[in-house]
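# Reading the structure
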Amino acid sequence: MLFRLLKPYLVFLLSLLIVLSLSRLGLMLWQLDRVQDTQGFAYVLFQGIRFDLMLAGMLLVLPLMISPLVAVFSKPQSGWNFILRVYLTLVFAAVVFLELSTPSFINQYDLRPNYLYVEYLKYPQEVLSTLWVGYKFQLIVSILITGLSAYGINKALKKYQPNDIKLTLPVAILASPALFLICVMAVRSTFDHRPVNPASVAFSTDPLVNTLPLSSSYSVLYAIYDQRHQDSGGFAYGEIADEKAMELVKQNMQIDPTAFVSEAIPTLHHQQAYVQRKRPLNLVIILEESLGAEFVGSLGGLPLTPNIDSLANQGIWFENMYATGTRSVRGIEAVISGFTPTTSRSVVKLNKSQRDFFTIASLLSEMNYDTSFIYGGEAHFDNMRGFFANNGFNKIYDKNDYEDPIFFGSWGASDEDLFNKAHGIFESYPEDKPFFSLVFTTSNHSPFEFPDGRIELYGSEKNTVYNTVKYTDYALGEFIKKARASRYWENTLFVVVADHNSRVRGAELVPIDHFHIPALILGADVPVTRYKPLASQIDLMPTLLSLMGVNSTHPGIGKDLARNILEHINEPGRAIMQYADTQAYMEESRVAILRKNKPIAEYVYQDNTLKPANTIDLAFEEKALASAKWPVIEYEKGLYKLHAPDKQIRVAAGLKPGDLNNASQVH
């Protein structure tokens, strides 16, 4: 009798295992070279079944507990059977759809679906328009196959779902907890203290292959579960005391210890601008969407950016600039705040950073700068509007502020419209009014839409990343021409920098070559030079302040590279890169890789490849661990601020006590 009761569950379980195993096998054959390089074909298949059973345990635990109890009574059975069939059909359809969408997700992120898969569902307009324009065929096919799968499983369940089961109460009372226990053991999949999780099968140095034993449903559900502490700074990679981490980070800033001005805000320090000016310059940061070095000719990439390549010979060109992450919000937090990535979400989205969190806008707004964010899409996307409005940006312009745009795509106004808008705003300022603006492009984003007749296409297909890179470069070139002819050019510093690369992928724990991005400083009296040492996005903020002639007090830990640049000093640099749950800390060619629940691994970065280091440097590992712990401390304790309580602030070298009442002084 109990076996008949369990028949629909067995049908569901068998169907689930078949679908997930076939999907996994297909993904492995698709990525066969990478799987073979890890020698993990059999391992992935075996562990895959294990994780599929874990998923089944999660999905079935509640209905399995309830079914025996319902079978004690005759009246509720038909209603329960209907509810159960609908539930199992919907769950099965969701699993199938997730597997069908996995190849497209891998093409974009080189990982199985994770939290990103669901994070942007709160922006249905952008998501749906992107899917329909860029993935129409895949979407239609996936929906059709999902529908057929749902029909098939529903029919099978109906066939094997009995309506005349009658269990005695003692049998039901015994069966219900027994089935619950079986499901719990399936979910834990071990008798160890900690249950099995994705880190348990991270057997190789290839992040994608490490996710193949999982199913996409399990991967997404675990990612959602892992986000349960959304307001924290995330997990720690290893053990290091807060005080020790803070001490090492401050040492790594390589500034005079007397420049630190507060015990309450440990990294708050006075920065004397290397270039002294009677009037500080305006600042325009042009944040280029998804522009990796692989697309930039001057960095050894494809010939897609003739304007940037030309401009590289007209200002300060960074040959080894590295992004801190793989998402726009990571680029924003690094460039605008000088903040390094936590293992949680970006501070652009986290709750504790929505007010009084340091940004260059909050610093400059206190100096009577007009501060603005100019965007072609919806400013609320990724919580940008909320973060900017509460942290120093006086004005925010988005797609609702464009009249008669030249071109309007899935992500809003084109880059031409964006730059025309920015140029008009900059020209409207009185000559004696200083301004700062963050201009964020959107055109180089899937589904890669742009107006006709602007560029010579790269390849026969129009809507590709290569052609939107060319279009974005075209739009930038046209803007710079207008800016050069304007009255604001001579008083303005322009920065062109990517937020991140388009598609970060590779068979290494952290594909460092895909974090390499272009960065260029132009305008005013900027010299023509190429800066070759390693640099990070977090170094831009203090370097820009120094070139602008702004003496300031701020908590940023980035390095002021102005002296090195202007005096041609090739001082070694460092970069910090977040890739999913993994972080890389790089100094010159040496790299420390930090992973969740794994020991630190050391590598040497040569020929765009990570090679295991022959020696272990414990001091270097401790420095890497401190750099990962620092943003967690800063965020959770609310230490990344522009001001400290008066009683807890001391005088920095070269400043009078009264100067510190205003945290940033312009001389």
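Scoring rules and cut-offs
Residues numbered from 1 in each chain as written. Predicted model: local features only at pLDDT ≥ 70, side-chain atom pairs only at ≥ 80, totals over all residues. Heavy atoms only, no water. Helix = DSSP H or I, 4+ residues; strand = E, 2+ residues; numbered from the N terminus. Rg over C-alpha atoms; globule rule 2.2 N^0.38 Å. Buried < 20%, exposed > 50% of the residue type's maximum accessible area, 1.4 Å probe, protein only. Contact = heavy atoms within 4.5 Å. Areas by Shrake-Rupley, 256 points an atom, 1.4 Å probe, with all protein chains shown as cover. Lys, Arg positive; Asp, Glu negative; His and termini not counted. Charge placed at Lys NZ, Arg CZ, Asp CG, Glu CD. Pairing = 2+ DSSP bridges. Salt bridge = Lys/Arg side-chain N within 4 Å of Asp/Glu carboxyl O. Axes fitted to C-alpha atoms, helices over the stretch in contact; angles between N-to-C directions. Polar contact = N/O pair within 3.5 Å; in protein donor to acceptor, adjacent residues only side chain to side chain. Parallel < 35°, antiparallel > 145°, perpendicular 65-115°, else oblique. Nonpolar A, V, L, I, M, F, W, Y, C, P; charged D, E, K, R; others polar. Patch = residues over 30% accessible without salt bridge, like charges linked within 9 Å, V, L, I, M, F, W, Y side chains within 5 Å. Expected span 1.5 Å × (residues − 1).

## Remarks on the overall build of the protein chain
- Within the protein chain one finds 20 helices and 20 strands.
- Computed over C-alpha atoms, the radius of gyration of the protein chain comes to 28 Å, within 12% of the 26 Å expected from 2.2 N^0.38 for 667 residues, which places it in the range of a compact globule.
- Dimensions along the principal axes, computed over C-alpha positions, put the protein chain at roughly 90 × 60 × 50 Å.
- For the protein chain, the proportion of its 667 residues judged to be buried stands at 58%.
- For the protein chain, the proportion of contacts with a sequence separation of at least 24, taken over those separated by at least 6, is 74%.
- When the accessible surface of the protein chain is split by element, carbon and sulfur atoms take 57% of a total near 27600 Å².
- If you average the places of the 59 positive and of the 66 negative side-chain charges in the protein chain, the two averages end up 8 Å apart.

## A few points about the sheet that holds strand E11 (residues 516–517)
- The strand order E11-E4-E14 describes an open sheet built from 3 strands, whose pairing is mixed. The sheet is open, and its two borders are formed by E11 and strand E14 (535–536), each paired with just one other strand.
- In terms of strand pairing, strand E4 (residues 321–322) meets E11 through 2 bridges, oriented antiparallel. Bridging across to E11, Tyr322 finds its partner in His516.

## Considering the pattern of salt bridges
- For the structure on display, the rule yields 23 salt bridges.
- One salt bridge in this structure joins Asp242 and Lys629, with 2.8 Å as the shortest N-O distance. On the criterion of sequence distance, the pair formed by Asp242 in helix H11 (residues 242–252) and Lys629 in helix H20 (residues 618–636) is long-range, its members being 387 residues apart.
- One salt bridge in this structure joins Arg277 and Asp525, with 2.9 Å as the shortest N-O distance. Placement of the pair is Arg277 in the loop between strand E1 (269–271) and strand E2 (282–288) and Asp525 in the loop between strand E12 (519–522) and strand E13 (529–531), with a sequence separation of 248 residues.
- Under the relative-accessibility criterion, Asp525 is labelled exposed at 52%.
- Within the structure, one salt-bridge network assembled from shared partners comprises Arg34, Asp110 and Asp206.

## Describing the sheet that holds strand E16 (residues 574–579)
- On the basis of which strands lie adjacent, the open sheet formed by 5 strands has the order E16-E17-E18-E19-E20 and antiparallel pairing. Bordering the open sheet on either side are E16 and strand E20 (609–612), each of which pairs with just one other strand. Adjacent strand axes in the sheet meet at a mean angle of 30° when their direction is disregarded.
- Pairing between strand E17 (residues 582–587) and strand E18 (residues 590–594): 5 bridges, direction antiparallel. Following the sheet pairing, Glu587 is matched in E18 by Arg590.

## Quick word on unusual backbone geometry
- The step from Ser446 to Pro447 runs through a cis peptide bond, and the omega angle for that step is 15°.
- With phi around 65°, Asn383 is a residue other than glycine that occupies positive phi space.
- Of note, Asn383 is situated in the loop between strand E5 (370–375) and helix H15 (384–389).
- We note that Asp607 has phi near 55°; this positive angle belongs to a residue other than glycine.
- Mapped onto the secondary structure, Asp607 falls in the loop between strand E19 (601–606) and E20.
- Classification of Asp607 as exposed rests on a relative accessible area of 68%.

## Considering the side chain of Ser353
- In this fold, Ser353 is placed in the loop between helix H13 (328–337) and helix H14 (360–365).
- Polar contacts involving the side chain of Ser353 include one to the main-chain carbonyl oxygen of Val347, which spans 2.4 Å.

## Some remarks on the pairing of E19
- Counting buried positions over the 6 residues of E19 gives 5, a clear majority of the element.
- Bridge analysis of E18 against E19 gives 4 bridges, and the strand direction is antiparallel. Bridging across to E19, Val591 finds its partner in Tyr603.
- Linking E18 back to E19 in an antiparallel pair, the connection comprises 6 residues, with Asn597 at a positive phi of about 60°.
- One ladder, built from 4 bridges, connects E19 with E20; its direction is antiparallel. Looking at E20, one finds that Tyr605 is bridged to Leu610.
- Taken together, E19 and the strand that follows it, E20, pair antiparallel across an intervening segment of 2 residues, in which Asp607 is found at a positive phi of about 55°.

## Some points on the environment of Thr371
- The topology assignment puts Thr371 in strand E5.
- Since its relative accessible area comes to 0%, Thr371 is described here as buried.
- Taking the C-alpha atoms as reference, Thr371 lies 72 Å from Pro170; in sequence the two are 201 residues apart.
- When sequence neighbours within four positions are dropped, the list of residues in contact with Thr371 reads Ala361, Leu364, Ser365, Gly392, Phe393, Asn394, Lys395 and Phe436.
- A polar side-chain atom of Thr371 sits 2.6 Å from the main-chain carbonyl oxygen of Gly392.

## Comments concerning the packing of helix H1 (residues 2–30) against helix H4 (residues 77–109)
- Following both chains from N to C, one finds H1 and H4 inclined at 5°, their axes separated by 11 Å at the closest point. Relative to H4, the element H1 lies roughly parallel. Contacts from Tyr9, Phe12, Ser15, Leu16, Val19, Leu20, Ser23, Leu27 and Trp30 in H1 reach Trp80, Leu84, Leu88, Val91, Phe92, Val95, Val96, Glu99, Thr102, Pro103, Ile106 and Asn107 in H4.
- Class assignment for the residues of the contact of H1 with H4 results in 16 nonpolar, 4 polar and 1 charged.

## Focus on a nonpolar patch on the surface
- A surface patch of nonpolar side chains, about 390 Å² in accessible area, is lined by Phe82, Ile83, Val86 and Leu90.
- With respect to the secondary-structure elements, Ile83 resides in helix H4.

## Overview of helix H7 (residues 136–160)
- For H7, spanning 25 residues, the distance from its first C-alpha to its last is 36 Å, which sits close to the expected 36 Å at 1.5 Å a residue.
- Taken together, the buried positions of H7 are Leu139, Ser142, Thr146, Ser149, Ala150, Ile153 and Leu157.
- Elements in contact with the buried residues of H7: H1, H4 and helix H6 (124–134).

## Some thoughts on the packing of H6 against H7
- Relative to each other, H6 and H7 sit at 100°, their axes nearing to 5 Å. The angle between the axes of H6 and H7 places the two elements in the roughly perpendicular class. Across from Leu131, Trp132 and Gly134 in H6, the residues of H7 making contact are Lys136, Leu139 and Ile140.

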